[in-house]
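Residue-level listing of the chains:
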Amino acid sequence: MADNNGTYLIRGAAILGGDAEDLLIRDGVIAARGAGAATHADAEGATVIEAAGLVALPGMVDVHTHLREPGREDAETVETGTRAAALGGFTAVHAMANSNPVADTAGVVEQVHSLGRAAGWVDVRPVGAVTVGLAGEQLAELGAMADSRARVRMFSDDGICVHDPVLMRRALEYVKAFDGVVAQHAQEPRLTAGAQMNEGAVSAVLGLTGWPAVAEESIIARDVLLAQHVDSRLHVCHVSTAGSVEIIRWAKERGINVTAEVTPHHLLLTDDLVRSYNPVYKVNPPLRTDADVQALRAGLADGTIDVVGTDHAPHPSEHKECEWAQAAMGMTGLETALSVVQHTMIETGLMTWADFARVTSTAAAQIGRLGDQGRPLEAGEPANVILVDPAARWTVDPAKMATMGRNSPFAGLELPGKVVATFYKGHPTVLDGKLNTPYRESAAAAAGAS
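Note that the structure is predicted; figures quoted are calculated from it, not measured.

Calculation criteria
- Per chain, residue numbering runs from 1 following the sequence as it is written.
- In keeping with the predicted nature of the model, local features appear solely for residues at pLDDT of at least 70, side-chain atom pairs appear and are counted solely at 80 or more, and the whole-chain, interface and lining totals rest on all residues.
- As a rule here, side-chain values come from all non-hydrogen atoms in the structure, and water together with hydrogens is ignored.
- Strands are treated as partners if at least two bridges between them are detected by DSSP.
- Helix and strand labels come from DSSP, where a helix needs a run of H or I of at least four residues and a strand needs a run of E of at least two; each type is numbered from the N terminus.
- Where helices are involved, their axes are fitted lines through C-alpha atoms of the stretch in contact, as for all axes, and angles between N-to-C directions lie from 0 to 180°.
- By definition, residues are in contact when any of their heavy atoms lie within 4.5 Å.
- Residues enter a nonpolar core if they are buried and are Ala, Val, Leu, Ile, Met, Phe, Trp, Tyr or Cys, with the set joined through side-chain atoms within 4.5 Å.
- To sort residues, take the accessible area from a 1.4 Å probe on protein chains only and compare it with the maximum for the residue type: under 20% means buried, over 50% means exposed, and anything in between is partly exposed.
- An angle counts as roughly parallel when it lies under 35 degrees, as roughly antiparallel when it exceeds 145, as roughly perpendicular when it falls between 65 and 115, and as oblique in every other case.
- Classification used: nonpolar for Ala, Val, Leu, Ile, Met, Phe, Trp, Tyr, Cys and Pro, charged for Asp, Glu, Lys and Arg, polar for all others including Gly.
- To estimate how far a helix should reach, multiply one less than its number of residues by 1.5 Å.
- As used in this structure description, the phrase polar contact means that two N or O atoms lie within 3.5 Å; if the pair is within protein, one of them must be able to donate a hydrogen and the other to accept it, and residues adjacent in sequence are counted only when both atoms belong to side chains.
- A carboxyl oxygen of Asp or Glu within 4 Å of a side-chain nitrogen of Lys or Arg is what we treat as a salt bridge.

Peer 1: For the sheet that holds strand S9 (residues 154-155), give the residues involved together with the corresponding values.
Peer 2: Spatially, the 5 strands line up as an open sheet ordered S9-S10-S13-S14-S15, and their pairing is parallel. Edge strands, defined here as strands with exactly one partner in the open sheet, are S9 and strand S15 (307-308). Where strand S10 (residues 181-184) meets strand S13 (residues 234-236), 3 bridges bridge the pair, whose relative direction is parallel. Its bridge partner being in S13, alanine 183 is matched across the sheet by histidine 235.

Peer 1: If you had to explain the sheet that holds strand S6 (residues 60-65) to someone new, which residues and values would you point to?
Peer 2: Reading across from one edge, S6-S7-S8 is the order of the 3 strands in this open sheet, with parallel pairing throughout. Edge positions in the open sheet fall to S6 and strand S8 (123-126), since each of these has one partner strand only. Here the average twist between neighbouring strands, direction ignored, is 20°. Direction of pairing for S6 relative to strand S7 (residues 90-95): parallel, over a ladder of 4 bridges. Within the sheet, the bridge partner assigned to threonine 65 lies in S7 and is alanine 95. Across the sheet, helix H2 (residues 106-119) touches S7 and S8, and the angle it forms with S8 is around 175°.

Peer 1: Which residues make up the nonpolar core, and what are the values?
Peer 2: By size, the foremost hydrophobic cluster in this structure holds 79 residues, and its most contacted members are Phe155 and Leu300. A total of 6 residues in this core trace back to one element, the largest contributor, which is helix H6 (residues 213-230). Non-local contacts of phenylalanine 155, meaning those with residues more than four positions away in its chain, are made with Val127, Gly128, Ala129, Val130, Leu142, Met145, Ala146, Val175, Phe178, Val181, Val182 and Ala183. Ranked by size, the runner-up nonpolar core spans 19 residues in total, among them Leu206, Met331, Val340 and Met401.

Peer 1: Describe the packing of helix H7 (residues 242-253) against helix H9 (residues 290-302), and please don't skip the residues or the numbers.
Peer 2: Where H7 contacts H9, the axes come no closer than 8 Å and their chain directions differ by 25°. Our classification of the angle between H7 and H9 gives roughly parallel. For the pair H7 and H9, contact is made by Ala242, Val245 and Arg249 and by Asp292, Ala295, Leu296, Gly299 and Asp302, respectively. Grouping the constituent residues of the contact of H7 with H9 by class yields 4 nonpolar, 1 polar and 3 charged.

Peer 1: I'd like a rundown of H7, residues and numbers included.
Peer 2: With 12 residues, H7 extends 17 Å from end C-alpha to end C-alpha; this agrees with the ideal 16 Å at 1.5 Å per step. For H7, the full list of buried residues reads Ser244, Val245, Ile247, Ile248, Arg249 and Ala251. Looking at the packing, one finds that the buried side of H7 touches H6, strand S14 (258-262) and H9. Note on H7: the residue one or two positions beyond its end, glycine 255, has a positive phi of about 80°.

Peer 1: How would you sum up the side chain of histidine 185? Please name residues and give values.
Peer 2: Mapped onto the secondary structure, histidine 185 falls in the loop between S10 and strand S11 (197-198). Within the structure, the side chain of histidine 185 is placed 3.3 Å from the side chain of aspartate 158, a separation counted as a polar contact. Among the polar contacts made by the side chain of histidine 185, one reaches the side chain of glutamine 187 at a distance of 2.8 Å. With sequence-adjacent residues up to four places away left out, histidine 185 is seen in contact with Asp158, Gly159, Ile160, Cys161, Cys237, His238 and Asn284.

Peer 1: I'd like to hear about the pattern of salt bridges, residue by residue, with values.
Peer 2: One pass over the full model with this rule turns up 24 salt bridges. The salt bridge partner of arginine 233 is aspartate 179, with a shortest N-O separation of 3.7 Å. A residue pair is termed long-range when its members are at least 10 positions apart, and arginine 233 in the loop between H6 and S13 and aspartate 179 in the loop between helix H4 (165-175) and S10 qualify at 54 residues. Judged by its relative accessible area of 37%, aspartate 179 falls in the partly exposed class. For the salt bridge of arginine 254 with glutamate 253, the shortest nitrogen-to-oxygen distance reads 3.8 Å. Using a relative accessible area of 60% as the deciding quantity, one classes glutamate 253 as exposed. Overlapping salt bridges bring together Glu21, Arg33 and Glu378 as one network.

Bear in mind that shape data such as this cannot, by itself, settle questions of function.
So this is what it looks like as structure tokens:
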């Protein structure tokens, strides 16, 4: 069992990319920061981590992860997915509901929650389904999931749109009772029947059925108005078009309570890659145009888009190594997210490391109502901390990743930035860029949390 009462002195890390300072971690919290950390009374016997040249950030929080368990353990498990998350710099992930059985009852979300605690690599927060079986016909047990040990606050039928406006309105009204949020997969199904890729010049050349931007934008426009009408919280999953960014900007300017996410792959990749017919580039929503990519980057930089969500979607190799039309949609992303955001947003001058912390941690924790995540790196705060080497360069090799999925669209790319250490509740789950040991709760803490 790992020692969770360890003391660690991180020396000379650039806090949020700023000045180099020391951080002292003890008993799961940041005991001291700055010049006095090394001489603090609690620093005696501390394990010293030399962090010159490294950036210290709050642990990343993913609002959109597919861990596949229960029922789809051929693609991923909570154990393998959370190992990947820790290596990627995450200290919390939201596990989407499209497992088998669907996470539409208190029993299933509690199972996922328990699996996460048993694994011990990150905080696993289950996302409850909006409708029973993701069928879009009847609301799931939202209140029961909210009151369960999993304390669910985010609900989504992700992978399928809640396309019935009456059901969507009811869901938005229902979650107000416990400060929940409905996370919508914005896709009008009648406009995307048989769609294989983004509708545009490339789809016309390839002869593949197109997926129009309006299929996403029309649902977002409807839902922000519904959220305004019932005064509830709406979150928009994986925004992918310039038009969607404009609609969300319009809604925020009017005070509508809407948040939105963008995936790393939509910040970098375009539909030109589909010309290869490589199914690794098949994803929902589809890769769009360069103009969309630039609009998404600008929207993330100016705060229109609140957070980066990986939409980590591992698949068995046989579901991706096949003909395009038969291939599953989805890409892995937990172990590459930091590097892609550094490449697309920081190295382009659009964001700073402090901005990075906001869109990958602070804002994400606020959306999911995770009170102990995304906190400032200050004395007395929970020690969910990562150390990043921004000067590192590495080539993506899916075969070397912790996730079971090999469907990374970034395979073979050289990317910047590497997670050197991840501290989850003060315990180093990752050291020297490698998995260390999982966090283990004390018997007293476990009893209190059950």
